[in-house]
Amino acid sequence: MGTYRSIYSIVDHIRERGLVLYGAGAIGKIAVQIFALFQVKPAYFCDDDLQKQGSSLECDGISVPIISLDEATRRLPGAVYIATAATGKRNG
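Please read all numbers here as calculations on a predicted model, not as lab measurements.

**What about the overall build of the protein?**
Check the secondary structure of the protein and you find three helices and five strands. Start at the N end of the protein and walk to the C end: the helices and strands fall as α-β-α-β-β-β-α-β. When the 92 residues of the protein are sorted by exposure, 30% land in the buried category. Nonlocal contacts in the protein, meaning residues at least 24 apart in sequence, comprise 53% of its contacts between residues at least 6 apart. Element-wise, carbon and sulfur atoms account for 52% of the exposed surface of the protein, whose accessible area totals about 6100 Å².

**Re the nonpolar core**
Core analysis: the largest hydrophobic core is formed by 17 residues, its most contacted members being Ile14, Leu19, Leu21, Val32, Val40, Phe45 and Leu57. Those elements that provide at least two residues to this core are helix H1 (7-17), strand S1 (19-22), helix H2 (26-36), strand S3 (56-59) and strand S4 (62-67). With residues up to four places along the chain from it excluded, the contact list for Val32 reads Leu21, Pro42, Phe45, Cys59, Ile62 and Val64. If you look at the next biggest cluster of nonpolar residues, it comprises six residues, including Val20, Tyr44, Ile67 and Ala79.

**Regarding the environment of Ser68**
Of note, Ser68 is situated in the loop between S4 and helix H3 (69-75). In this structure the C-alpha to C-alpha distance between Ser68 and Tyr44, which are 24 residues apart in sequence, comes to 9.4 Å. Dropping the residues within four chain positions of it, Ser68 is found in contact with Cys46, Asp47 and Gln53.

**Here we look at the pairing of S4**
As judged from the two bridges shared by strand S2 (residues 44-46) and S4, these two strands associate in the parallel manner. Looking at S4, one finds that Phe45 is bridged to Ile66. Counted along the chain from S3 to the antiparallel partner S4, the turn is two residues long, and its residue Asp60 has a positive phi close to 50°.

**Quick look at the environment of Val80**
Mapped onto the elements of the fold, Val80 is located in strand S5 (residues 80-83). By relative accessible area, which is 17% here, Val80 ends up buried. Taking the C-alpha atoms as reference, Val80 lies 10.0 Å from Val11; in sequence the two are 69 residues apart. Not counting residues up to four positions away in its chain, the partners in contact with Val80 are His13, Ile14, Arg17, Gly18, Leu19 and Val20.

Rules used in this analysis
- Residues numbered from 1 in each chain as written.
- Predicted model: local features only at pLDDT ≥ 70, side-chain atom pairs only at ≥ 80, totals over all residues.
- Heavy atoms only, no water.
- Helix = DSSP H or I, 4+ residues; strand = E, 2+ residues; numbered from the N terminus.
- Buried < 20%, exposed > 50% of the residue type's maximum accessible area, 1.4 Å probe, protein only.
- Contact = heavy atoms within 4.5 Å.
- Areas by Shrake-Rupley, 256 points an atom, 1.4 Å probe, with all protein chains shown as cover.
- Core = buried A, V, L, I, M, F, W, Y, C linked by side-chain atoms within 4.5 Å.
- Pairing = 2+ DSSP bridges.

Laid out in structure tokens, this is it:
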């Protein structure tokens, strides 16, 4: 992993290698919106929730398939993986 000077250098790297987001929830949707500003669509979401796997997350007209982390690393081993999952459980 290299050191990046700007979001643009990160986006260039992602365009070369592909993007996978880990965590198909609210933070993941925000990440999709941010990367859409740079015309980048994630190849996949990874999520540990078996009920989400096999479906897609829809965000502002962008549909991203949800698969397991193991499956994503088989399909795109060289991609850039970004965690978009909240840690810990929420009450309520």
